[in-house]
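Structural overview for review
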Amino acid sequence: MPPLALVALFQRSLPGLTPQGRAVINSLVCENGRAGSTHLLCERLGLRTRFQLNRLLHREGLPPYEELAGWVCVLHWMLRADAAVGHGEGALRPMAPDASMALASCYRLVRRVTGTHWRRLREVGTDEVMRWFLKRTCTPHARRTIEGRSPAVALVQSTAPRDQSTAPAGGPHRLPICGNPFGIAVGRPDLAYVTRTRAATVERLDLRTLQFRGGVQLGCTPTCVKFDASGERAYVTVQYCDEIAVIDARRDVQIHAFPVPGNPFPLALSPAGRTLFVTTNEDRLFGLNVQNGRLVGSLPLPATSHHLALHPSGGRLYVATRTGGSVLEVDTSRYEVIRAFALGGWPQGLAVSRDGTTLYVANERHGLDVVRLASGKRIGVLDLEGGSGNGAVSLALSPNDGVLYAGLVHSGRIAAIDVASLTLRAMINTGGRPREIAFDQTGKVLIANEAGWVDILPSDGRRMHQLDQAPLQSNSQAAASAS
C-alpha cells in the first residue's frame, strides 16, 4: 500500500482528480515514483497501450508519465528529508540506495524535474515544491471540468485462454487467467467472480462450463470481492481508487462506487445484508450502509488489517491485525473492542465455526492458531511449515465445517487440515502464490493464484492424496499428458 504521507499530500493538492486519476498517482506513490515501464502501469490500470495512458493523464490535467513519475520521486525524497532533519539534515545521499539509483542520477533527476538543485529545494520547503508541481497541472477551470466527469465503466472481454474444456467431474483442474488473480467469491451456483489486480478487472467465471465469460473493468488494483446473500450484487475493494465498487452481477455492470478513507482491502457483510465492513491502510475499520455507502461507524486499529470474519450471530466481528500480533473481537453495533486475542506472530486469514464456538486464525509466522471463544483462550497451534517462519496467509472453512484450507503463499501450497483432530490431512502443491479461497455450491474448493490461474479441487479433501506429490496441471496440460 502507498505511503500515507505522500498520498495525503497529493490528495490535498489535487482534490479534483477522478478515481482513475487518483489510481495513477497512488500507483506511482506506491513505488515512490520508481514504477518502471509504462507497460506495467498500464497493466495495473487496465489500459491496453501507453497512448491510452497519455490521454488519461491529459484529461486529468497531469504532466506526462515520465515527468509525473519524477515529481512523485522528488516529493517522496522531500518528505523523507523533512523527517530526517537532525539525522543528516535532509541530505539526498542516504536516500539514493533505497531508490536503486546512483547519487549523481538522483541529483540529475531533481534538476530535470524541478529546474533547480536539491539544496534549493530544501531551502524553500516541501509545500513550495508542491506548488511548483501544481503549476505543471491544468488550470482551475479545466480542473472543475474534470471534477464533473465520472469515469466510464466498461464491459471488457476476458484475456484468459479460450481453449478451456470442462475437467472430469470431481477431479482437480486449473483454469489459466492472467492479470494476477487475487480475490475470489461465489455468488450463485453458476457464478463466481475473480479479481485481476494487474488488469483492473473483475472476471466472471461460469461454474457450469468452467470458462471465463468477460468481466467488469473497475479501476486500479481490485482485490477482495464479496457477494450479498442473493448472489446478485457484489462488492469489490479497489485499492488505489480509495473506493468500493458495487456490481450488478446479473448484468456485470458497476452501479455504484462507495468512497472510503484510504486504500480498502478486506470486506465482510453483515448477515442481514445492511452493513458492509471494510478496513483500509489508515488503520481503521469502517462500517458502510450498503444502500448508499454512507459511513455508519468506525474504529481505530492498532495495525493494518488484511482479513475480517463475522460471528454467525452477526453481533461480533473479528479483525486480524497482522503486525499487531492480535485478533480483535469488535461489537458491530457500538464499534468497540470487546476482547483482544494476543496470538503473536502475524495473524492473517480468519474463519469462525458455524456454531460460533471456535475461531481459526491463519498465522503467517507459523501456521494456524485455534481460539475457544467462550474462554478467549488459545487451545491449539499447528505449525504448517516446520518452523520455517513462512506460515499461512489465507484461510477458509469448508461448508460442512470438516476441513480448513490454509494458503501457504510463500511456498506455493495449500494445507488441508482436519477440523475434528486438528491434524494435517493433505499438503497440496499448487505452485505460484495461492491467495483467496472460496467454495462452490457442491463444496469444491476454488483458489485464486497470483501466478496466473484458478485451481479447483475436490470437495472436503477427497482424492487429495493424488495431489500431494506433483503440482496441479492446467486442463490443456492434462489433455496433452493423457494423449
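Note that the coordinates shown come from a computational prediction; the quantities given were computed from them, not determined experimentally.

Details of the overall build of the chain
- Scanning the chain for helices and strands turns up 10 helices and 29 strands.
- Across the 483 residues in the chain, those meeting the buried criterion constitute 58%.
- Sequence-distant contacts in the chain: of pairs separated by 6 or more residues, those separated by 24 or more amount to 48%.
- On the chain, roughly 20,000 Å² of surface is accessible, and the fraction owed to carbon and sulfur atoms is 49%.

Considerations on the environment of Phe 286
- Within the fold, Phe 286 resides in strand β13 (residues 284-289).
- With 49 residues separating them along the chain, Phe 286 and Tyr 335 place their C-alpha atoms 8.9 Å apart.
- For Phe 286, the contacting residues outside a window of four places in its chain are Pro 261, Leu 276, Phe 277, Val 278, Thr 280, Leu 295, Gly 297 and Ser 298.

A look at the pattern of salt bridges
- A full pass over the atoms with the stated rule returns 22 salt bridges.
- With a shortest N-O distance of 2.9 Å, Asp 82 and Arg 122 are connected by a salt bridge. Taken together, the positions of Asp 82 in helix α5 (residues 65-83) and Arg 122 in helix α7 (residues 118-124) put the pair 40 residues apart, joining distant regions of the chain.
- The class for Asp 82 is partly exposed, based on a relative accessible area of 36%.

Things to note about the packing of helix α2 (residues 19-30) against helix α3 (residues 38-45)
- Put simply, α2 and α3 touch, their axes get as near as 11 Å, and they point 130° apart. Relative to α3, the element α2 is oriented oblique. In the crossing of α2 with α3, the sense of the turn from one axis to the other is right-handed. Contact residues: Ala 23, Val 24 and Ser 27 in α2; Leu 41, Arg 44 and Leu 45 in α3.
- Of the residues in the contact of α2 with α3, the class split is 4 nonpolar, 1 polar and 1 charged.

A look at the layout of surface pockets
- Roughly 1,400 Å³ of volume is contained in the largest pocket.
- Among the residues making up the lining of the largest pocket, the classes are represented as 27 nonpolar, 12 polar and 4 charged.

Thoughts on the side chain of Thr 280
- Summarising the element assignment, Thr 280 is placed in strand β12 (residues 275-280).
- Take Thr 280: its relative accessible area is 1%, and that puts it in the buried class.
- At 2.8 Å, the side chain of Thr 280 and the backbone oxygen of Pro 261 are in polar contact.

Definitions and limits used
- Residues numbered from 1 in each chain as written.
- Predicted model: local features only at pLDDT ≥ 70, side-chain atom pairs only at ≥ 80, totals over all residues.
- Heavy atoms only, no water.
- Helix = DSSP H or I, 4+ residues; strand = E, 2+ residues; numbered from the N terminus.
- Buried < 20%, exposed > 50% of the residue type's maximum accessible area, 1.4 Å probe, protein only.
- Contact = heavy atoms within 4.5 Å.
- Areas by Shrake-Rupley, 256 points an atom, 1.4 Å probe, with all protein chains shown as cover.
- Salt bridge = Lys/Arg side-chain N within 4 Å of Asp/Glu carboxyl O.
- Axes fitted to C-alpha atoms, helices over the stretch in contact; angles between N-to-C directions.
- Parallel < 35°, antiparallel > 145°, perpendicular 65-115°, else oblique.
- Left-handed = near helix turned anticlockwise from the far one by under 90°.
- Nonpolar A, V, L, I, M, F, W, Y, C, P; charged D, E, K, R; others polar.
- 1 Å grid on protein atoms, 1.4 Å probe; cavity = no way out; pocket = protein on both sides within 12 Å on 5 of 7 lines; lining within 4 Å.
- Points joined across faces, edges and corners; volume = space filled by probe spheres on them.
- Polar contact = N/O pair within 3.5 Å; in protein donor to acceptor, adjacent residues only side chain to side chain.

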